[in-house]
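Fold and contact review
Below, each chain spelled out in residue letters.
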Amino acid sequence: MTARKELAERIEGRLAGRSGRSLWRSLDELAREPAVLEMLRAEFPGLPDLAEARVGRRRLLELMGASFALAGLTGCGPGEAAGEAADQAIPYVTTPPGLVPGVARHVATAISRGGYADGVLVVQQMGRPVQLEGNPDHPASLGALDPIIQAGILDLYDPDRSRSVLKAGRAASTNGMLKALVDRLPALAANGGGGLRLLTGTVTSPTLARQVAALKRRFPAMQWHRWEADGRDTLRAGSVLAFGRPVDTLLHLDRAKTILAIESDFLDGAPGHLRYARDFARRRRAAGEGRPEEMSRLYAIESSPTLAGARADHRFAVRPNEIEAAVRALAAELGAGPAEWRRNAPGWLAAVARDLSASRSTALVHAGPAQPPAVHALVHAINDALGAPGQTVTYIEPVEADPVDHGDSLKGLVADMAAGRVDTLLTLGANPVFTAPADLDFAGALAKVPLSVHLGTAPDETAMLCTWHVPEAHELERWGDLRAFDGTVTIQQPQTRPLWGGWSPQELLAVLDGETRPDGHAIVRATWMERFQGKGDADGMWTDALRLGIVPDSAAAPLSVSLLPGLADRLPPPPASIPASTGGGTLTALFRPDPWLRDGRYANLGWLQELPRPFTTLTWDNALLIAPATAERLGLKNEDVVELRSAAGTLRAPVWRLAGHAPDCVTLPFGFGRRVVGRVGRDVGFDAFPLRRLDQLWQLPGVELRKTGETHRLAATQHHQMIDSPDAVRHATLDAFRRDPGFARSEEPEHSLYPPYEYPRNAWGMAISLDACIGCNACTAACQGENNIAVVGKEEVLRNRQMHWIRIDTWYEGEAAAPEQTLFQPMTCMHCENAPCEVVCPVAATMHDADGLNVMVYNRCVGTRFCSNNCPYKVRRFNYFNYAADDNRLPMSWNPDVSVRARGVMEKCTYCVQRIRNARIAADRENRPIRDGEVKTACQQACPAEAIVFGDLNDPDSAVSRRKASPLDYGVLTDLNTRPRTTYQARLRNPNPELGEA
Amino acid sequence: MPGVFGPTANILTKLVLYTLLAGLITLAGGAWFFPNTSYATRVGIAQPQPVPFSHEHHVGGLGLDCRYCHTSVEVSATAGLPPTHTCMTCHSQIWTNAELLAPVRQSLATGTPIRWNRVNALPDYVFFNHGIHVAKGVACTTCHGPVDGMPLTWKGASLRMSWCLDCHRDPAPNLRPKEAVFDMDWKPTAATPSGEQLMARYHIHPETLSDCSVCHR
């Protein structure tokens, strides 16, 4: 009786927790929409709707009879029929040196993102790349990887990649292409390369730079143009304004106590963002680890939400043109600008300025690429005034080879093409027909070029309009070199022979230089032999560089630059202050890259298409993002299709209301709406590029917005798999934590009718620090790759059937217009000690094992889905269809260590049991215990912020045991007596007392 | 009016009923025993091969060590099949013109692998590891049978799950000192440690060996 009363009280307490300052996951949940409450209650919402195709009793019996008969038949016959390919064993003729069949090899190389290197270790099984892991020795990775680089393995095996040379879009011979190029050479030599142009994205490759320099000696009039739609022109221009020369800025977040992020991408897009995330998270975790004085404070000013904004202690959502005014005012407050800039400064600014000023050289200000050059110049001035250079920021020579303004560069090229001054255009790896600003009309100008050659990994928009398209070898298939954000060089080595042939950019350039049979290896090696010459054993240095994945000591040296005087006079005039709200439909459009597809180059990768975007949780679509208040003013709901009109053109886009978005502006993510693309990326999303103008690359004022009355369904996952717990995420301010260190703990009963389990060897457990998590989704992507998780497509996502084993729940607190807090919670199987799923499985397909794992036995599973229904964390995924078999990826791209699940089978996080087993075998072979840190789950390995720790709970000194000993440690839904093995460490905030709790 | 049932009706009915019963028992028995027959398990049935390689000759006769060809058995999940190159270490010197070895020479000359017919195959959802079994004192012959007596190789055991589990639940009878794992003719002597002693020496924990996750991932 008392127990029942206790339970009733507890439930009431939980319900009561919902009122007042509560957490919410979406605007609909905040508004308590009935549909959302239904999603909260049901494990399989929408299932009754699917019963439209009703199956009667008779039909059911027929089907059951037939399937039993068929199931019986499969049991007959000998175990293996001889002679079939699958039943043959095919050894090597000569085993490659060092290769042991069945033992994975890790080979270092790098993959580029926006031209900059991310160091990877390629996991190879019998000479075949199966997975990418971060290279711990690489400064931009430190062992972590973002979703885009992880998807590189899918890119390698993409069956829609280019397989042959195309002439005007039709298959043609390589020799024909070579002849066309070589035939042009005498004419080019005669006029000094007058009509010869090269177009690339951002290039950091020393070899490419060396080759271009050589070509320029041969063809002095040749020009090299650059265009990166998602580029960093504004940062370059800002440093020219401030210092009179381009420099790259490196951030040292490990030394930063007070940080101001101005729509900054330091956590999600900037070169080096994985490194920055790690440094940032280490200082954020410090308070929970007993060093509260080290905890940093982050301010964010932004219009369109960024991950840095979500992690900020104070986030100010302001209209785009108010940002520059605020930065000017801040500069003035800190003595880096004239006092009149202080006029109209927002109220919070003085407090931020005082805090930055108090931190002096441990303060840091950073702005993202969407901010105008003036803001970047001001940021340099502010950092200078704070004494940050040499402390929290260092300047280096630009990593980009021969840095130019991409906008000007492209504009010059298009003007020359349109004027007929270009007769040979080589486009290496860029897709300007799709990504160039619409006002340039690149496609129209391209038609006037007599010989245009495009090198790309897939036939894209540009390939179709060029005279020749040449298949490009994937970065895992060719030799090359790249530099990371800090200048460190990686020599890229091929991991496999090109699957479908293909050229490297270096090889194609060599053809222009007169080589008929270029050899990528020799070209790259020549660069480095030249550089290693005279420094000792050049061959040894080459081998070392390949083995390590970096050229040692190749990072750029810090540069000493000084601010040019008179910055205030050199700045372009500030933008006119805008009227707060015009009341009409005139808005400012902000162009931002989609977090995963970037400029559209990754559009054919299913992992990225289906990976929920941070904040919106959208998959398979982009949407016009708008502040809830602005949407309400305009009468817009989610999924309404609107038409945007401006002088630049019109486009139609579905609407998504986003909490924390600045008012009176909309964000248009570009990268979607590719027209010439493989099977996965076709007809996905809308293309925002047609509104983008060269002089207004990042924001376009004066856009008219009109409702069309149509709707477009968007596959957002925010209401999928919602757990019913008001305190799933726990948080407090640093001060509150000091007063009550155990605020997150909850005392829960530990009763069970079942005898307790014993764990004689290991007891695996996981700890996830919400203090560290930045919501980047790297864990979800890593899990998908490691565990062969299927991509299901938009229709199935709409039915709540995405398969990700680990999801990031996003929680907000506060007002919809300006949430005070955005909290991310990676949610995956908790491996409960009293697992509710285990007791309801009628066929014992989900079991407790001797290490405490809650294992799934796929072969036993008959698909009752009782387990999923009984799981309060909603982390189980059911294969409604044979998703894996329907996937068009190449069979060899699956991870051979993990079963590929069939239809009708439940699946979920296994704590990467395959990695545990391999470690166990390795340890048992040597008769020793498994060392702490020897087993790393895929999510843990990919996490740049070290939020996830995994290990043995039987060992009190293991990293996970130490993490769990933190006073911040708590379990989710422990009042259900599930006793989860995955626990969380609560988030701490470090607000400025001057600005109040907010 | 004649009776509906004639004088033979009783006996016919009984006959039908008994036949049905006998049929059911036969079926059930068949379903039980069939998977264990060597027809279904292929145990003891020699597989034809492109080159009639004889373990009897190479192992039993010449005394080659298992690891001469199956090089990765101690370190990897797979024991490894010898590359053509391994065959040719000897056969470039002896039996250089033998008709039987033509496919081997052909393979080396053209760089095309020899396609052997699999003798021991496990389903894709079973993740077996040779290395750990060898390290814990499970001998080759324990699972693969008397390989040194096989002119053409056949399966030594059913490799059915129940067969695996018999040993995973009670490994003691199948263990021998690690040094004798590759010994074809090993016999325990009075000095041989008992299975229980070996389990202690090799840290074998049968209580964790029958977890599903040991073999299925």
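Each chain has its residues counted from 1, running along the sequence as written. Written order determines the labels here, with chains lettered from A and ligands numbered from 1. Under the rules for a predicted model, residues below a pLDDT of 70 receive no local features and side-chain atom pairs below 80 are neither given nor counted, while totals for whole chains, interfaces and linings still include all residues.

As annotated in an unreviewed UniProt entry, chain B carries the name Cytochrome c3 family protein and is attributed to Azospirillum endophyticum.

**With respect to the overall build of chain B**
For clarity, the threshold we go by: Going along the chain from the N terminus, every DSSP run of H or I of four or more residues is numbered as a helix, and every run of E of two or more is numbered as a strand. Note on method: radius of gyration uses C-alpha positions; expected globular size equals 2.2 Å times residues raised to 0.38. Field definition: a residue is buried when 20 or more other C-beta atoms are found within 10 Å of its C-beta, exposed when 12 or fewer are, and partly exposed for counts in between, with C-beta atoms placed from the backbone. Residues are treated as contacting if the C-beta atoms built from their backbones sit within 7 Å of each other.
When helices and strands are tallied, chain B shows 12 helices and one strand. Seen in sequence order, chain B has helices and strands lined up from the N terminus as α-α-α-α-α-α-β-α-α-α-α-α-α. In terms of overall dimensions, chain B is more spread out than a globule: its C-alpha atoms have a radius of gyration of 25 Å, far above the 17 Å expected for 217 residues. Expressed along its principal axes, the backbone C-alpha trace of chain B runs to roughly 95 × 50 × 40 Å. Among the 217 residues that make up chain B, the fraction classed as buried is 21%. Look at the contacts in chain B between residues 6 or more apart in sequence, and 71% of them connect residues 24 or more apart.

**Brief notes about the overall build of chain A**
When helices and strands are counted, chain A shows 33 helices and 40 strands. Computed over C-alpha atoms, the radius of gyration of chain A comes to 29 Å, within 12% of the 30 Å expected from 2.2 N^0.38 for 998 residues, which places it in the range of a compact globule. Projected onto its principal axes, the C-alpha coordinates of chain A cover approximately 95 × 80 × 65 Å. Evaluated residue by residue, chain A yields a buried proportion of 55% over its 998 residues. Of the contacts made within chain A by residues no fewer than 6 positions apart, 74% connect residues no fewer than 24 positions apart.

**A short note on the domain arrangement of chain A**
Think of interface size as the accessible area that goes away when the parts come together; that is how it is often given. Residues and elements named next belong to chain A. We count it as follows: Where each domain begins and ends is defined by an automated method or by a domain database. Put simply, Ala, Val, Leu, Ile, Met, Phe, Trp, Tyr, Cys and Pro go in the nonpolar bin, Asp, Glu, Lys and Arg in the charged bin, and everything else, Gly too, in the polar bin.
Domain assignment breaks chain A into domain 1 (166-231 + 402-548), domain 2 (248-396), domain 3 (586-716) and domain 4 (764-991). Relative to domain 3, the C-alpha centre of domain 2 lies at a distance of 27 Å. Each partner contributes residues to the interface: domain 2 has 10 residues there, and domain 3 has 17 residues. Taken together, the residues of the side of domain 2 that touches domain 3 break down into six nonpolar, two polar and two charged.

**Focus: the interface of chain A and chain B**
Quick note on the threshold: Only strands that DSSP links by at least two bridges are regarded as paired with each other.
Taken residue by residue, the interface counts 39 residues in chain A and 40 residues in chain B. Of all the secondary structure elements, the ones that give two or more residues to the side of chain A that touches chain B are β2 (88-89) and α31 (913-925) of chain A. Element by element, the count of residues in the side of chain A that touches chain B is highest for α31(A), at six residues. The residue makeup of the side of chain A that touches chain B, split by class, is 20 nonpolar, 11 polar and eight charged. Here β2(A) pairs with strand β1 (residues 116-117) of chain B via two bridges, running antiparallel.

**Concerning helix α8 (residues 206-218) of chain A**
Residue and element names in this part refer to chain A. Going by this rule: Multiplying one less than the number of residues by 1.5 Å gives the expected span of a helix.
Its 13 residues place the ends of α8 19 Å apart at the C-alpha level, agreeing with the 18 Å of an ideal helix rising 1.5 Å per residue. If you check which residues of α8 are buried, you get Pro206, Thr207, Leu208, Arg210, Gln211, Val212 and Leu215. Taken together, the buried residues of α8 touch β8 (196-200), β9 (223-226), β19 (480-483), β20 (489-492), α19 (505-512) and α20 (520-532).

**Re the sheet that holds strand β11 (residues 258-262) of chain A**
Residue and element names in this part refer to chain A. Which entries qualify depends on this criterion: What counts as an axis is a line fitted to C-alpha atoms, over the stretch in contact for a helix, and the angles between N-to-C directions run from 0 to 180 degrees.
Judged by pairing direction, the sheet is parallel, and its four strands sit side by side in the order β13-β12-β11-β14 without closing on themselves. Looking at which strands have only one partner, the edges of the open sheet turn out to be β13 (314-317) and β14 (363-367). With direction set aside, neighbouring strand axes in the sheet form an average angle of 10 degrees. Inspection of the sheet shows β11 paired to β14 by five bridges, in the parallel sense. Bridge pairing in β14 places Ile262 opposite Ala367. Docked against the sheet, helix α13 (residues 349-359) engages β11, β12 (297-302) and β14, running at close to 130 degrees with respect to β11.

**Some points on the sheet that holds β8(A)**
Residues and elements named next belong to chain A. The seven strands lie next to each other as β7-β6-β18-β17-β16-β8-β9, forming an open sheet whose pairing is mixed. Each edge of the open sheet carries a strand with a single partner, namely β7 (170-171) and β9. Here strand β17 (residues 451-456) pairs with strand β18 (residues 468-471) via four bridges, running parallel. Pairing of Gly456 across the sheet is with Pro471, part of β18. The strands touched by helix α15 (residues 406-418) are β8 and β9; relative to β9, the strand with the most contacts, the crossing angle is about 125 degrees.

**Here's the deal with the environment of Gly192(A)**
Residue and element names in this part refer to chain A. In this fold, Gly192 is placed in the loop between α7 (174-190) and β8. Note on Gly192: 13 C-beta atoms within 10 Å, which makes it partly exposed. Each C-alpha atom, one on Gly192 and one on Thr733, is 67 Å from the other, the two residues being 541 residues apart in sequence. Gly192 has contacts with Phe219, Pro220 and Ala221, leaving out every residue within four places of it along the chain.

**Here's the deal with the confidence of the model for chain A**
Residue and element names in this part refer to chain A. Let me state the cut-off plainly: Scored from 0 to 100, pLDDT records how confident the predictor is in each individual residue.
Per-residue confidence for chain A gives a mean pLDDT of 89; residues scoring 70 or more make up 93%. Below a pLDDT of 50 lies the segment residues 11-20, which in the model reaches four contacts outside its immediate sequence neighbourhood of four places, other chains included. Across residues 75-85 the pLDDT falls below 50, and counting only partners more than four positions away or on other chains, this stretch makes 15 contacts in the model.

**Quick word on the confidence of the model for chain B**
Caution applies to low-pLDDT parts of the model: their predicted coordinates are not meant to be read in detail. Averaged over chain B, the pLDDT score is 91; the fraction of residues at 70 or greater is 100%. Reported confidences for the modelled complex are a pTM of 0.90 and an ipTM of 0.89.

**Considering the packing of helix α9 (residues 233-243) of chain A against helix α14 (residues 373-386) of chain A**
Axes are the key here: two packed helices are described by the angle between their axes and the distance separating the axes. Residues and elements named next belong to chain A. Quick note on the threshold: We call two directions roughly parallel when the angle between them is under 35 degrees, roughly antiparallel when it is over 145, roughly perpendicular when it lies between 65 and 115, and oblique otherwise. Rotating anticlockwise by less than a right angle from the far helix to the near helix defines a left-handed crossing, while the corresponding clockwise rotation defines a right-handed one.
Following both chains from N to C, one finds α9 and α14 inclined at 55 degrees, their axes separated by 7 Å at the closest point. Classified by the interaxial angle, the pair formed by α9 and α14 is oblique. The two elements α9 and α14 meet at a crossing, and its hand is right-handed. Where α9 abuts α14, its residues Thr234, Leu235, Ala237, Gly238, Ser239, Leu241, Ala242 and Phe243 lie against Pro373, Val375, His376, Ala377, His380 and Ala381.

**Some remarks on unusual backbone geometry**
A negative phi angle characterises most non-glycine residues, just as the trans form characterises most peptide bonds. Residue and element names in this part refer to chain A. Despite not being glycine, Asp664 has its phi angle at roughly 60 degrees, a positive value. Looking at the element boundaries, Asp664 is found in the loop between β25 (649-657) and β26 (665-670). Although it is not a glycine, Leu973 adopts a positive phi angle of roughly 55 degrees. As for its placement among the helices and strands, Leu973 is situated in the loop between β38 (969-970) and β39 (982-985). On the basis of neighbour count, Leu973 is assigned to the buried category, with 20 C-beta atoms found within 10 Å.

**Re the domain arrangement of chain B**
According to the domain assignment, chain B consists of domain 1 (9-40) and domain 2 (54-60 + 73-79 + 120-215). Domain 1 of chain B and domain 2 of chain B are separated by 38 Å when their C-alpha centres are compared.

**Focus on the pairing of β20(A)**
All names here are of chain A. Across the two faces of β20 the burial is the same, with Val489 and Ile491 and Thr490 and Gln492 all buried. Strand direction decides the pairing type here: β19 and β20, joined by four bridges, are antiparallel. Within the sheet, the bridge partner assigned to Arg483 lies in β20 and is Val489. Count of turn residues in the β19/β20 antiparallel hairpin: five residues, of which Gly487 carries a positive phi of about 95 degrees.

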